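If you want the building blocks of each chain, they are given just below.
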Amino acid sequence: MEATAITRTGPGAFTADLDPLWTVVGKPNGGYLQAVAGRAAGVVAPHTQLLSATSSFIRTPRPDKVNVTTEVLRIGRTTTHVRARISQADEPCVETLVMLGTLAAEPPSGTWLSGDRPPLRHPYAECARFQPPKDIFPVDLLDQIEVRVEPESLGFAAGEPSGLGEIRGWLNLPGTPSFDPLALLLAADVLPPATFDIQLTGWVPTLSLSTYIRAIPAPGPVHITLRANVIAHGRVDETCTIRDSAGDLIAQSHQLAGIRFT
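The following paragraphs examine the structure supplied in this document. Note that the coordinates shown come from a computational prediction; the quantities given were computed from them, not determined experimentally.

## Concerning a nonpolar patch on the surface
Reasoning step 1: Judged by side-chain polarity, I198, I231 and F261 come together as a nonpolar surface patch covering roughly 210 Å² of accessible area.
Reasoning step 2: With respect to the helices and strands, F261 occurs in the segment after β15 (249–258).
Reasoning step 3: Relative accessible area serves as the criterion here: at 32%, F261 is assigned to the partly exposed category.

Structure below.
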C-alpha cells in the first residue's frame, strides 16, 4: 500500500504523512493507521511478513505528519515481536504490537476449522459499490478503494436495517492485482459498521483492533463478513472474517469501537 509510505529518520524511528484521502469524516481510518505501524515494524524486524497486529487507539491524529517509533521486543526463530507507536505533536495516538514471521503460501486447511465455509450469496460483480453522500457522511477513503456491499446488507441505506447486525461485501484495490498483508489490515476495518444493520448512527470510532493474517491471498478482490457481537455501555465489539477470491480464509479481526445510539 503506497499510502502507508514511511521515511526513516533514525534507528527505529520514522515519519509518515497521513493522507487526508484515507479518512472517514475527516479522521484517518483505523486499519490504515494500523498498516502504517505495520509498515514500520516490517522495516526493523528480520522477519518481514505480518502475522498479527493489535492496536490501541489513544487519540485520533490529524491527516498530517506523524512520528512512528519502533522497539524490537524479541527476535525468535520463527517470529519477531515489535512495538510501534504513532505520535503527533509529542502525544501518543496509536500503540501497536506487531508479530512478524513467514506466511503460508496456502490458506489454512488445518485439522479443525470453526464452522463451515459460508455460502457466497453474491459474487463481486453483482454487488453495488458503496459510497454514501458526502454532504451527509463524507468518507474520502471510499474514493481510493472499491467497497461493494451485498444487497441484503444494504437495508440500512434505505432506512430498513435487518436487525441482524451483519454487513457482507467485497473490497477491491484498483490497480492492485492482489492484497499484501498491509492491505489486509485495511480490509479488516473498511466496511460500514455492522451496527448500521441495527440502527444507523454517526461515526463509530475504533478503540482497539486485533488483526490476524493467515495466508497470502489469491489475486483479486477479497470478501468480508463483519458481525456485531455485543452492544452495551456505549461500545460494540465486532468480528471480521476475510476470504480471498477463491473463498479461502486469509484473515480475521476483532475490534472494540465506540457507538452512541440515540
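There's plenty left to go through after this.
## Considerations on the pairing of strand β10 (residues 146–149)
Reasoning step 1: Burial along β10 is two-sided: the residues E146 and R148 and V147 and V149 are all buried.
Reasoning step 2: Judged from the two bridges that link them, strand β9 (residues 128–129) and β10 form a sheet pairing that is antiparallel. Residue pairing in the sheet places A128 in a bridge with V149 of β10.
Reasoning step 3: Looking at chain direction, β10 and strand β11 (residues 166–172) are connected through four bridges and run antiparallel. Directly across from R148, in β11, lies its bridge partner W170.

## Quick word on the pattern of salt bridges
Reasoning step 1: Under the counting rule described, the total for this entry stands at twelve salt bridges.
Reasoning step 2: With its nearest N and O atoms 3.2 Å apart, the salt bridge here joins E150 to R168. With a gap of 18 residues between them, E150 in the loop between β10 and β11 and R168 in strand β11 connect regions that are remote in the sequence. The residues E150 and R168 share a single accessibility class, namely buried.
Reasoning step 3: Three or more residues joined by partner-sharing salt bridges are found here, namely R121, E150, E166, R168 and R227.

Reading guide: rules and limits
- Residues numbered from 1 in each chain as written.
- Predicted model: local features only at pLDDT ≥ 70, side-chain atom pairs only at ≥ 80, totals over all residues.
- Heavy atoms only, no water.
- Patch = residues over 30% accessible without salt bridge, like charges linked within 9 Å, V, L, I, M, F, W, Y side chains within 5 Å.
- Areas by Shrake-Rupley, 256 points an atom, 1.4 Å probe, with all protein chains shown as cover.
- Salt bridge = Lys/Arg side-chain N within 4 Å of Asp/Glu carboxyl O.
- Helix = DSSP H or I, 4+ residues; strand = E, 2+ residues; numbered from the N terminus.
- Buried < 20%, exposed > 50% of the residue type's maximum accessible area, 1.4 Å probe, protein only.
- Pairing = 2+ DSSP bridges.

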